[in-house]
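Spelled out from the first residue to the last, the chains are:
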Amino acid sequence: DAGGIASVYLATWRSNGQDLLGNSKSEEPDDSSKAETPDDSSKADKPDDSSKPDDAKVVAKVVESKVGPEAQVEQTKRFETFLRGLDRLFIVAEDKKEGAIVGFVSYGPSLSRKGFGEIMQLYVHPDWQLKGFGSKLLKDAWRDMGTKPWSSEGLHVWCTKGNAGNKVYDKAGWEVSGYEKKIVPTLSSGPVVVAEYAALCSAPDSEDDEMLVFKDVGTTRMMFESVGAAFAVALVVILAAYGPMLWQESRGQRPLPGFAAVPEANVGVRVQINPIKMGFPHAKCLDGSFPTYYHRAATGPAATSGKNWLLYFQGGGWCRPDPPDSDDKEPLPFPPSLIDWCSDRATSELGSTRSDAATHDFSEKPLFSKDPFQNPMFHDWHVVFIRYCDGSSFSSRPGAAIVQAILKHLTKHRGFSKAAEVVVSGCSAGAVAAALHAGAVRNAVPDANIAALLDSGFFPDWSRPHHHDGTTERVPPGIWPIDTHLQLAIRDHGSVLAGSMPADCLLHHQDAPWRCAFLEHLLPFVAVPSFVLQSRFDASNVREAEDGVSLRKLGEATSWRLDAALAARPGVHGLFLDSCFHHCMNWGQIAAGAPGEDGPTQPEAFAAWWWDHVISPRRGAIPPGRWDHLHFPADDPGLCSADGSTDGPPCDANSLGSPCLSQSCCARAGPDMDSWRKTFSADRFTQ
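Scoring rules and cut-offs
- Residues numbered from 1 in each chain as written.
- Predicted model: local features only at pLDDT ≥ 70, side-chain atom pairs only at ≥ 80, totals over all residues.
- Heavy atoms only, no water.
- Helix = DSSP H or I, 4+ residues; strand = E, 2+ residues; numbered from the N terminus.
- Buried < 20%, exposed > 50% of the residue type's maximum accessible area, 1.4 Å probe, protein only.
- Contact = heavy atoms within 4.5 Å.
- Phe/Tyr/Trp six-rings, centres within 6.5 Å; stacked < 30°, edge-to-face > 60°.
- Disulfide = S-S within 2.5 Å.
- Patch = residues over 30% accessible without salt bridge, like charges linked within 9 Å, V, L, I, M, F, W, Y side chains within 5 Å.
- Areas by Shrake-Rupley, 256 points an atom, 1.4 Å probe, with all protein chains shown as cover.
- Salt bridge = Lys/Arg side-chain N within 4 Å of Asp/Glu carboxyl O.
- Lys, Arg positive; Asp, Glu negative; His and termini not counted.
- Charge placed at Lys NZ, Arg CZ, Asp CG, Glu CD.
- Pairing = 2+ DSSP bridges.
- Right-handed = clockwise from strand over helix to strand, strands pointing away.
- Axes fitted to C-alpha atoms, helices over the stretch in contact; angles between N-to-C directions.
- Expected span 1.5 Å × (residues − 1).
- Polar contact = N/O pair within 3.5 Å; in protein donor to acceptor, adjacent residues only side chain to side chain.

(A) Inspection of the overall build of the protein at higher detail. What the protein contains, in helices and strands, is 18 helices and 21 strands. In the protein, buried positions account for 57% of the 687 residues. Relative to all contacts within the protein whose residues are 6 or more apart in sequence, the contacts with residues 24 or more apart total 74%.

Following this line, the structure appears as structure tokens:
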């Protein structure tokens, strides 16, 4: 069916391109969109733009360039990929006389709203529009979603704002929710505004349809035949990747049915713990101050159950304990944000909680957002922000005691003992802490479903033999040699004997136990399923962004090391590997796939992995657990060949060139580069 679906898809774009350009993954031209031209390639090649304004001519030219004859091959391959996936259902409308596909609708579990079903695409060939087929496709998809457990809360769809094709939802009784956002569609050259329609999960009854069920060889189909119409609709289970969503926070005029409007306040309340009362007298910060966390209580449906918790470890580099002789204390060759002396850190907020405010603004991170569209999974969960103040990713004796004291306090005083779903997360040094202490969290709530979400916690161990030839790599000149001083920090903190590192990891690396503080060595031994968010070109590792050779070596080193860590426990851990130049959370800002492909963002990928690998693990075949945001820069000839035009090997996830430094492939490219200059660049450090 891939060729027929692709033909309908392209024919509709040729006919209605101006309305559809910029359409969302729920692109819905249908019977309410009148065809302006027949599906004729000669007319598509030479559109009559004489009466259109200049901007419309530009739009028409873009459409023409993307839906020409060569696009049929490309889109057929695209839908063939969808057909082999596991994420969408399709209903196709066929001409009974010719057997040709004349329309289709795709739908499945929503990854932007928990408990909702979603219409992904709804297309009818221009020659078959205005005959009621779009409405029938919508109704049959609506009916089927009403029987699925994943759509118990309702249904929704994202429509290009102002598109005449949206009338099919108005006519069916769907309502505009008031929420809007921007996305970049497959055949668009830029972001567009889409509006949300929502409906209850049960479709209205109709008396003009008769359902027939029959079995064919190797396939089960549900056939719907409309009285007096020469077409049939076949329901076929099909796999597809979810379309990209470049999330932007946007509050509408009214919320989804059954959900409250997004509150403005998003703060956590400070909780300071007396470690002696908790039974952990060694739990203290570098300056001796008390362990502290900030708690934001759950809201909405999650508040009544109190069972969903996000525990987040603050990051912020590491420190080395001062040498006994102060004369031996030389300046460390790093920005303080990476590694500094513990005596210096003790006077800062990363070594002390004495000056902590009564509340903490959680709107600083998209992961903590209360907007369900920006943060579909965690927006209404309990959130615990654990203050970082020991300088060792909580691996030292005081650090490990801080974690135990906080977990005991949460269990005893905050209802954490009732937790059913827990995600342990952190960024940078906080990601290492989350990996180290995931086992402690599991022990605190042994009956809960637990996973780790590890963001930007990868710092290469450059002493590790290369996976190809066994030679030891040198730290590239444009990369910070973090590993050498992190080894010393772990040694001097006494982390190996503090009880914070997994025993089986220490046994495996007994010749160099400090390696259990490096994610590439630690990940195979993390106590719970873990999902890694990582840039190949993590900005915190980089001294000089202009050193392209060093950046390429960093990207290659990151890729193969993480591949090896995941391969050690196949099907357990997940990975979202991107090619943007950033450090820490770009939650919802990066979509998987090569340029022009429809792939999930980090929240969508994590939600799919969480369901398949943690909540409802499948037996037999292991569902995919890796997503790649790929970037093949045109100025890197010879490194690899993205299209066969150079002599290099084919480009893949382990052979990419330089990072993406433009908003066309990384939405936050500008702010991320500014952040690197202020925090990690060698120029900033020397100043």
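From this point on, the discussion continues.
(B) How the structure looks around the packing of aromatic side chains. Per the counting criterion, the structure on display carries 33 aromatic pairs. Between Phe531 and Phe606 the ring centres are 5.5 Å apart and the planes differ by 75°, which places this aromatic pair in the edge-to-face class. Pair noted here: Phe531 is in strand E19 (residues 530-535) and Phe606 is in helix H16 (residues 602-615), with a separation of 75 residues, a long-range link. Since its relative accessible area comes to 0%, Phe531 is described here as buried.

(C) Quick look at the state of the cysteines. Scanning the entire structure with this criterion turns up six disulfides. Linked covalently through their sulfurs, Cys285 and Cys389 form a disulfide whose S-S length is 2.1 Å. Here the S-S torsion is close to -65°, and the disulfide linking Cys285 with Cys389 is therefore left-handed. Of the two residues, Cys285 sits in the loop between helix H7 (275-278) and strand E11 (292-296) while Cys389 sits in the loop between strand E16 (382-386) and helix H10 (397-413), which places them 104 residues apart along the sequence. In terms of burial, Cys285 and Cys389 fall into one category: buried. Here Cys427 pairs with Cys584 through a disulfide, and the sulfurs are 1.4 Å apart. In this structure, the disulfide formed by Cys427 and Cys584 twists by about -75° around the S-S bond and is classed as left-handed.

(D) How the structure looks around a negative patch on the surface. A cluster of like negative charges, contributed by Asp325, Asp327, Asp328 and Glu330, occupies part of the molecular surface. By the element assignment, Asp325 lies in the loop between strand E13 (318-320) and strand E14 (339-341).

(E) Inspection of the pairing of strand E17 (residues 421-427) at higher detail. With seven of its seven residues buried, E17 lies for the most part within the structure. With burial as the criterion, each face of E17 is covered, one bearing Glu421, Val423, Ser425 and Cys427 and the other bearing Val422, Val424 and Gly426. Inspection of the sheet shows strand E12 (residues 308-313) paired to E17 by six bridges, in the parallel sense. For Leu311, the partnering residue across the bridge sits in E17 and is Val424. Where E17 lies against strand E18 (residues 449-455), seven bridges are found, and the strand directions are parallel. In the sheet register, Cys427 faces E18, and the bridge partner there is Asp455. Between the parallel elements E17 and E18, the chain passes through helix H11 (residues 429-444) in a crossover that is right-handed.

(F) Molecular detail of the sheet that holds strand E15 (residues 359-361). Sheet architecture is open: ten strands sit in the order E15-E10-E11-E16-E12-E17-E18-E19-E20-E21, paired in mixed fashion. Across the chains shown, the open sheet's two edge strands, defined by having one partner strand only, are E15 and strand E21 (626-628). Mean inter-strand twist for the sheet, computed between neighbouring axes without regard to direction, equals 20°. In this sheet, E16 lies alongside E11 in antiparallel orientation, the contact comprising four bridges. Along E16, the bridge assignment pairs Tyr294 with Phe385. Contacts from H11 reach E12, E17 and E18 within the one sheet, and its direction differs from that of E17 by about 155°.

(G) Summary view of the side chain of Ser495. Of note, Ser495 is situated in the loop between helix H12 (482-493) and helix H13 (503-508). Those residues within four positions of Ser495 in sequence are excluded, and the remaining contacts are Ser395, Ser396, Ile490, Ser500 and Met501.

(H) Fine view of the pattern of salt bridges. Applying the stated criterion across every chain yields a total of 19 salt bridges. Linking Arg668 and Asp672 is a salt bridge whose minimum nitrogen-to-oxygen distance equals 3.6 Å. Arg668 sits in the partly exposed class, given a relative accessible area of 34%. On the accessibility criterion, Asp672 (10% relative accessible area) is buried. One salt-bridge network, in which partners are shared between bridges, spans Arg536, Asp563, Arg626 and Asp628.

(I) Quick peek at H10. Taking 1.5 Å of rise per residue, 17 residues should cover 24 Å, and H10 covers 24 Å from first to last C-alpha, within 8% of that figure. Those residues of H10 not exposed but buried are Gly399, Ala400, Ala401, Ile402, Val403, Ala405, Ile406, Leu407, His409 and Leu410. On the buried face of H10, the contacting elements are strand E10 (267-272), H7, E11, E12, E16 and H11. N-capping of H10 is provided by Ser396, with a side-chain oxygen placed 3.1 Å from the backbone N of Gly399. One or two positions beyond H10, positive phi appears at Gly415, with a value near 80°.

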